[in-house]
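Each chain, letter by letter, is given below.
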4 protein chains.
Amino acid sequence: MEDFITEKKIYYHDTDCGQVVYYANYLKHLEEARTEYFAEKGIDLKKLSEESTWFVVAKVEINYKYPARYQDILNILTRIDGFKNASMDFYQKITKSDTIIVEARTVLVCVGSDFKPKPIPLDLKNALNSI
Amino acid sequence: MEDFITEKKIYYHDTDCGQVVYYANYLKHLEEARTEYFAEKGIDLKKLSEESTWFVVAKVEINYKYPARYQDILNILTRIDGFKNASMDFYQKITKSDTIIVEARTVLVCVGSDFKPKPIPLDLKNALNSI
Amino acid sequence: MEDFITEKKIYYHDTDCGQVVYYANYLKHLEEARTEYFAEKGIDLKKLSEESTWFVVAKVEINYKYPARYQDILNILTRIDGFKNASMDFYQKITKSDTIIVEARTVLVCVGSDFKPKPIPLDLKNALNSI
Amino acid sequence: MEDFITEKKIYYHDTDCGQVVYYANYLKHLEEARTEYFAEKGIDLKKLSEESTWFVVAKVEINYKYPARYQDILNILTRIDGFKNASMDFYQKITKSDTIIVEARTVLVCVGSDFKPKPIPLDLKNALNSI
């Protein structure tokens, strides 16, 4: 599947007194990028949640390669790596020019209002598989 | 009315690359202190919200006097300054030893599920007025 | 002085379980807008900080008029309301279409590495006063 | 090595409009617990950073098992799983009563001011290995 790129500028609130981006805040940036990826595929996560379909994060594996800093402009590559019946795997890479800042793999599980897994709706899967 | 004091330790995620606590994060500390103030008075904000009574912030006036830093241990004084029919005024002061870090005045409005103001329930007012 | 408008999309991390944007997070949005305002005027806050000139927030007065929600797209108007020797006043208004979400007045003070106020450099004042 | 337990109460700012704790915020709670773990062993991370020794996060693997909610009181178990020359592995588990909320493995790397790995000082290793 093709790659999808979004841009993220770093502000004070992203950083900590170690002078670099705080490690938890990259997960916010990754969420934003995945939301824009869904939107690009015509999938409105807000509308889905009103229909009691949510994608919740079940797992994150994130490697911090190089620190980003205040006012850096980062690129976030987002790609789906695979589907299971009720979940999907995302691969994301945050870079600054040619430098890899962060690499992350995230498992999203499709759940209902009871937070129990349910199959990903077929039209969603088709939309995500389209180019 | 008497004063109520809570303690807050500063961690990396509270700070920014200016080496001090990020200005928005004090509002999180102030929320925590107000929640503990309510709890001290026997008021469970979660239970209230399940009964469709919320206290939402309508206004904050906050003065930043001196910067707090990583691993500082701060004291937060919380006091109710006055009631109106559907709102109440909080005064809060964050200090580090004898140094004032932040002073804030916050107006909380009592609302229902529709976010429209409604009178503060009398038993709540009585609980908050008790010593 | 003229108005400056930026756009802000709301993601999960901006919201809380009250289903609306958490009150402290608007201060992050306001910081981002002010930073872009400075950038528009040719002022690089990062470069300034390397030259030991910082603008720190001394006061915020913020009124919460109407709640913003997940995936709302907000406009932030940023305007300088006045200068003093070592400080400047910002007026900012966050709107969703014709609805005012938040109005805020922020005082920024120019400080050196010792966090003590110092006069705003003249070239900065001129840049900010230009149209 | 023995286990170390800290407590964490959930406030509005920890949650999102999905009504549960936002996935990135657990990383803040994990940082706080690790910092307290170091403190318990007599290690002051702030003092170390002033001596140009930092522990930066190189990797996090986090499994989200069950959602935590507003006003939950969570326990965080923190344990060192092993040392390498310039890094150490943490295992952490967040629970609510008998329910596992989150399990996480974090690699911290010892770096100098240049962000390059350097051996963990021997006295630190000894302190961390003590019971």
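Residues numbered from 1 in each chain as written. Chains lettered and ligands numbered in written order. Predicted model: local features only at pLDDT ≥ 70, side-chain atom pairs only at ≥ 80, totals over all residues.

**Considerations on the overall build of chain A**
Step number 1: When helices and strands are tallied, chain A shows 3 helices and 5 strands.
Step number 2: Written out in order from the N terminus, the α and β elements of chain A read β-α-α-β-β-β-β-α.
Step number 3: Expressed as lengths along the three principal axes of its C-alpha atoms, the size of chain A is roughly 45 × 30 × 25 Å.
Step number 4: A buried classification covers 37% of the 131 residues belonging to chain A.
Step number 5: Intrachain contacts of chain A at a sequence separation of at least 6 include 65% that bridge at least 24 residues. (Helix = DSSP H or I, 4+ residues; strand = E, 2+ residues; numbered from the N terminus. Buried ≥ 20, exposed ≤ 12 C-beta atoms within 10 Å, placed from the backbone. Contact = placed C-beta atoms within 7 Å.)

**Some words on the sheet that holds strand S2 (residues 54–64) of chain B**
Step number 1: In spatial order, the strands read S1(B)-S3(B)-S4(B)-S5(B)-S2(B)-S2(C)-S5(C)-S4(C)-S3(C)-S1(C); together these 10 strands make up an open sheet with antiparallel pairing. Every interior strand has two partners, whereas the edge strands, strand S1 (4–9) of chain B together with strand S1 (4–9) of chain C, have only one. In this sheet, adjacent strand axes meet at a mean angle of 25 degrees when their direction is disregarded.
Step number 2: Pairing of S2(B) with strand S5 (residues 99–111) of chain B involves 10 bridges; the strand directions are antiparallel. From the neighbouring strand, Lys59(B) faces S5(B), where its bridge partner is Val107(B). (Pairing = 2+ DSSP bridges. Axes fitted to C-alpha atoms, helices over the stretch in contact; angles between N-to-C directions.)

**Here we look at the relation of the copies chain D and chain B**
Step number 1: Mapping chain D onto chain B is achieved by rotating through 180 degrees and translating by 0.0 Å along the same axis, at an RMSD of 0.0 Å. These values place the two chain copies in the arrangement generated by a two-fold rotation axis.
Step number 2: Both copies share a contact surface, since 100% of the interface residues of chain D are interface residues in chain B too. (Least-squares fit on C-alpha atoms with pLDDT ≥ 70 in both.)

**Some thoughts on the interface of chain D and chain B**
Step number 1: Counting residues at the interface gives 10 residues for chain D and 10 residues for chain B.
Step number 2: With 4 residues, the single largest contributor to the side of chain D that touches chain B is helix H1 (residues 25–40) of chain D.
Step number 3: Tallied by class, residues from the side of chain D that touches chain B come to 3 nonpolar, 3 polar and 4 charged. (Nonpolar A, V, L, I, M, F, W, Y, C, P; charged D, E, K, R; others polar.)

**Section: the sheet that holds strand S2 (residues 54–64) of chain A**
Sheets are built from strands that pair by backbone hydrogen bonding, the pairs being arranged parallel or antiparallel.
Step number 1: Reading across from one edge, S1(A)-S3(A)-S4(A)-S5(A)-S2(A)-S2(D)-S5(D)-S4(D)-S3(D)-S1(D) is the order of the 10 strands in this open sheet, with antiparallel pairing throughout. The outermost strands of the open sheet, each flanked by one partner alone, are strand S1 (4–9) of chain A together with strand S1 (4–9) of chain D. Each strand of the sheet is rotated relative to its neighbour by a mean of 25 degrees, with strand direction disregarded.
Step number 2: Note that strand S3 (residues 73–83) of chain D and strand S4 (residues 87–96) of chain D share 8 bridges and pair antiparallel. Paired with Leu77(D) across the bridge in S4(D) is Lys93(D).

**Section: the environment of Ala86(C)**
Residues and elements named next belong to chain C.
Step number 1: Structurally, Ala-86 is set in the loop between strand S3 (73–83) and strand S4 (87–96).
Step number 2: On the basis of neighbour counts, which here come to 15 C-beta atoms within 10 Å, the residue Ala-86 falls in the partly exposed class.
Step number 3: In sequence terms Ala-86 and Cys-110 are 24 residues apart; their C-alpha atoms lie 5.4 Å from each other.
Step number 4: Once you skip the residues sitting within four places of it in the chain, Ala-86 turns out to touch Val-109, Cys-110, Pro-117, Lys-118, Pro-119 and Ile-120.

**A word on the environment of Asp3(C)**
All names here are of chain C.
Step number 1: Within the secondary structure, Asp-3 sits in the segment before S1.
Step number 2: Since 10 C-beta atoms lie within 10 Å of it, Asp-3 is described here as exposed.
Step number 3: Distance from Asp-3 to Leu-77, taken between C-alpha atoms, is 6.3 Å for residues 74 residues apart in sequence.

**Considerations on helix H1 (residues 25–40) of chain C**
Residue and element names in this part refer to chain C.
Step number 1: With 16 residues, H1 extends 23 Å from end C-alpha to end C-alpha; this agrees with the ideal 22 Å at 1.5 Å per step.
Step number 2: For H1, the set of buried residues is Asn-25, Tyr-26, Leu-27, Lys-28, His-29, Leu-30, Ala-33, Arg-34, Thr-35, Tyr-37 and Phe-38.
Step number 3: Just past H1, the residue Gly-42 takes up positive phi, approximately 85 degrees. (Expected span 1.5 Å × (residues − 1).)

**Comments concerning the confidence of the model for chain A**
Step number 1: Per-residue confidence for chain A gives a mean pLDDT of 95, with 98% of residues at or over 70.
Step number 2: Across the interfaces of the predicted complex, the ipTM metric reaches 0.95, alongside a pTM of 0.96. (pLDDT = per-residue confidence, 0-100.)

**Side note on the pairing of S5(B)**
Residue and element names in this part refer to chain B.
Step number 1: As paired elements, strand S4 (residues 87–96) and S5 share 10 bridges and run antiparallel to each other. Note that in S5 the partner of Ile-94 across the bridge is Val-102.
Step number 2: A loop of 2 residues connects S4 with S5, the two strands running antiparallel in sequence, and Ser-97 in this loop sits at a positive phi of about 50 degrees.

**A look at the interface of chain A and chain D**
Step number 1: Counting from both sides, the interface comprises 17 residues of chain A and, opposite them, 17 residues of chain D.
Step number 2: Elements supplying a minimum of two residues to the side of chain A that touches chain D: helix H1 (25–40) and S2 of chain A.
Step number 3: Looking at chain direction, S2(A) and strand S2 (residues 54–64) of chain D are connected through 5 bridges and run antiparallel. By the bridge assignment for S2(D), Lys59(A) is matched with Asn63(D).

**Overview of unusual backbone geometry**
Step number 1: Phi at Gln71(A) takes a positive value of approximately 70 degrees, unusual for a residue other than glycine.
Step number 2: Summarising the element assignment, Gln71(A) is placed in the loop between S2 and strand S3 (73–83).

**What about the relation of the copies chain A and chain D?**
Step number 1: Once chain A is rotated about the relating axis by 180 degrees and shifted along it by 0.0 Å, it coincides with chain D to within an RMSD of 0.0 Å.
Step number 2: Comparing interface residues between copies, 100% of those in chain A also lie at the interface in chain D; the contact surface is shared.

**A look at the environment of Leu122(C)**
Residue and element names in this part refer to chain C.
Step number 1: If you trace the backbone, Leu-122 turns up in helix H3 (residues 122–129).
Step number 2: A tally of 8 C-beta atoms within 10 Å means that Leu-122 is categorised as exposed.
Step number 3: Spatially, the C-alpha atom of Leu-122 lies 10.0 Å from that of Asn-85, the residues being 37 residues apart in sequence.

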